[in-house]
Amino acid sequence: MNTSPALYRRSLRVLLENQQPGGAYLACPNMPDYRFSWFRDGAYIAYALTLDGADVGAQHSGVMDAQWASAGRFHNWCADVVNRRADAVARSIERAKAGAPPIFEDTLNTRYLADGQAGPAGWPEFQLDGPGTWLWSLWQYVTCTRLRPLPAAWAQAADLVARYLAALWQTPCYDCWEERGDAVHISTLGAIYAGLAAAEHLLGVDFGQTRQAIRAFVLDRGLTPHGELAKSVGLDMVDANLISVSVPHALLPPDDPIMRKTIARIEHDLHAPGSGVYRHLEDTYYGGGPWVLLALWLAWYYFELGDAARASALTKWAEAQANATGNLPEQVNDRLLAPAFYAGWVAQRGPIASPLLWSHAKYLIVRQRSLYGPASG
Ligand code: BGC
């Protein structure tokens, strides 16, 4: 398929221009509640720039380019955020190993200021998918750039995060939509699984037993009565975030029968034909509209599966959501699941976030897949 050169250029600009001097990426520059940096969003942004940088590098004799430099700065920033909290993270690991519930102050936050301080209180901060996705993204960067040896600060942070995730993986936490803090979410387990796999490659440490335990838990406790992956343990419901369990987190391959069933239900419940993809059927955030980055995530899945036709249709829809400036929003406000909630969110937070850097990152990732086919690792 032909992607849009203009949206490619705009996406690159949006990502690079909204990186702060210390390396943090703002989730969205013009929505006050999103002028922070999330490990989750940033991990995908850094991955998009890593892939794009490899492309540019290949065309310019491997010269270090803006994309790789930017992704490297983000990884530095993450490592610094973690290392500054080394004592607290170590206390969380010890408590979890002793079977005690975590103390909130000792857990990693989700939303940070550009200087690495935690964002204002009152946010659902305890989320385990972000650190897992960061480890995965860091490994992608190190593999792609062939960076050796691993900088000491990165190794220290990766080791802390991996041991933190290995100790806390069964602890209920907020999911990647920052909802349902009292449940264990299957997409979160996928991110932790991927993070531990990445740590094995990065550090040469064996987390195989924990990864197998997570996989066994997902297959035993993480399915709906119909055999799809469940949004959370005990829920007969899918969430579009379950795509990540396969792509990119590789707990299941894209053509695994459970994954295919899960995607079929996501298609049925959450993908309005000719439109984007909802997060889940109970979504009320900004009225619960279809999300651009989820349409692109499903496209990414189909590219990995080798179904370019479906992937292209979703990508085209996502491209059509860019405004006149070329900015991609978080979600769109047609076909809302819960229209009565829309105005309340606009009053509280302002218009739907746009440009959302994570949407632009997903666009760059999908563009790479459309050019080069499935990833090998
Ligand atoms: C989403 C998160 C995201 C954050 C920043 C929230 O509304 O639920 O997934 O990380 O916005 O983009």
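See above for the structure.
Quick look at the structure, then. (Residues numbered from 1 in each chain as written. Predicted model: local features only at pLDDT ≥ 70, side-chain atom pairs only at ≥ 80, totals over all residues. Heavy atoms only, no water.)

## Considerations on the overall build of the chain
Move 1: Within the chain one finds 14 helices and two strands.
Move 2: If one aligns the C-alpha atoms of the chain with their principal axes, the spans along those axes are about 55 × 50 × 40 Å.
Move 3: Scored against the burial criterion, the 377 residues of the chain give a buried share of 61%.
Move 4: Accessible surface computed for the chain: about 14,300 Å², of which carbon and sulfur atoms make up 54%.
Move 5: Charge separation in the chain, taken as the distance between the mean sites of 31 positive and 36 negative side-chain charges, equals 3 Å. (Helix = DSSP H or I, 4+ residues; strand = E, 2+ residues; numbered from the N terminus. Buried < 20%, exposed > 50% of the residue type's maximum accessible area, 1.4 Å probe, protein only. Areas by Shrake-Rupley, 256 points an atom, 1.4 Å probe, with all protein chains shown as cover. Lys, Arg positive; Asp, Glu negative; His and termini not counted. Charge placed at Lys NZ, Arg CZ, Asp CG, Glu CD.)

## Side note on the pattern of salt bridges
Move 1: Counted by the stated rule, this structure contains 22 salt bridges.
Move 2: A salt bridge links D159 to R163; the nearest nitrogen and oxygen atoms lie 3.2 Å apart. Placement of the pair is D159 and R163 together in helix α6 (residues 152-168), with a separation of four residues, close to one helical turn.
Move 3: Under the relative-accessibility criterion, R163 is labelled partly exposed at 32%. (Salt bridge = Lys/Arg side-chain N within 4 Å of Asp/Glu carboxyl O.)

## Structural notes on the site of the ligand
Move 1: Close contacts around the ligand come from 13 residues, with Y34, R40, D41, C176 and R279 the closest.
Move 2: R40 is positioned such that a nitrogen or oxygen atom in its side chain is 3.1 Å from an oxygen atom of the ligand.
Move 3: The contact in question runs from an oxygen atom of the ligand to an N or O atom on the backbone of W177, over 3.5 Å.
Move 4: Taken by itself the ligand offers 310 Å² of open surface, and the protein chains cover 98% of this.
Move 5: In the shell around the ligand, the residues fall into eight nonpolar, no polar and five charged. (Near = heavy atom within 4 Å. Polar contact = N/O pair within 3.5 Å; in protein donor to acceptor, adjacent residues only side chain to side chain. Nonpolar A, V, L, I, M, F, W, Y, C, P; charged D, E, K, R; others polar.)

## A look at the packing of aromatic side chains
Move 1: For the coordinates displayed, the defined rule picks out 24 aromatic pairs.
Move 2: Seen from their ring centres, Y44 and W136 are 5.8 Å apart, and the 45° between their planes marks the pair as tilted. On the criterion of sequence distance, the pair formed by Y44 in helix α2 (residues 39-59) and W136 in helix α5 (residues 129-145) is long-range, its members being 92 residues apart. As far as the burial class goes, Y44 and W136 line up, both buried.
Move 3: These aromatic residues form a ring-pair network of at least three members: Y44, Y47, W136, W177, W291, W297, W300 and W358.
Move 4: Looking at R367, its charged tip hangs above the ring of Y8, at a distance of 3.7 Å from the centre. (Phe/Tyr/Trp six-rings, centres within 6.5 Å; stacked < 30°, edge-to-face > 60°. Lys NZ or Arg CZ within 6 Å of the ring centre and 35° of its normal.)

## With respect to the packing of helix α10 (residues 257-270) against helix α11 (residues 292-305)
Move 1: Put simply, α10 and α11 touch, their axes get as near as 13 Å, and they point 140° apart. As for the relative orientation of α10 and α11, their crossing is left-handed in sense. Residue-level inspection shows M259, R260, I263 and E267 of α10 in contact with α11, the latter providing L298, Y301, Y302 and L305.
Move 2: Taken together, the residues of the contact of α10 with α11 sort by class into six nonpolar, no polar and two charged. (Axes fitted to C-alpha atoms, helices over the stretch in contact; angles between N-to-C directions. Left-handed = near helix turned anticlockwise from the far one by under 90°. Contact = heavy atoms within 4.5 Å.)

## Here's the deal with the side chain of D52
Move 1: Within the fold, D52 resides in helix α2.
Move 2: Side-chain polar atoms of D52 contact the side chain of Q67, separated by 2.7 Å.
Move 3: In this view, D52 contacts Y8, L12, Q67, R367 and Q368; residues no more than four positions away in its chain are not counted.

## Here we look at helix α4 (residues 86-97)
Turn by turn, an α-helix covers 3.6 residues, leaving residues three or four places apart pointing in a common direction.
Move 1: Its twelve residues give α4 an end-to-end C-alpha distance of 16 Å, which sits within 8% of 16 Å, the value for a rise of 1.5 Å per residue.
Move 2: For α4, the full list of buried residues reads A86, A88, V89, S92 and I93. Along α4, the residues classed as buried sweep out an arc of 165° about the axis, all on the same side.
Move 3: Of the surrounding secondary structure, the elements contacted by the buried residues of α4 are α3 (66-84) and α6.
Move 4: Immediately downstream of α4, the backbone of G99 shows phi near 80°, a positive value. (Expected span 1.5 Å × (residues − 1). Arc of directions from axis to C-beta.)

That is the geometry; function is a separate question.
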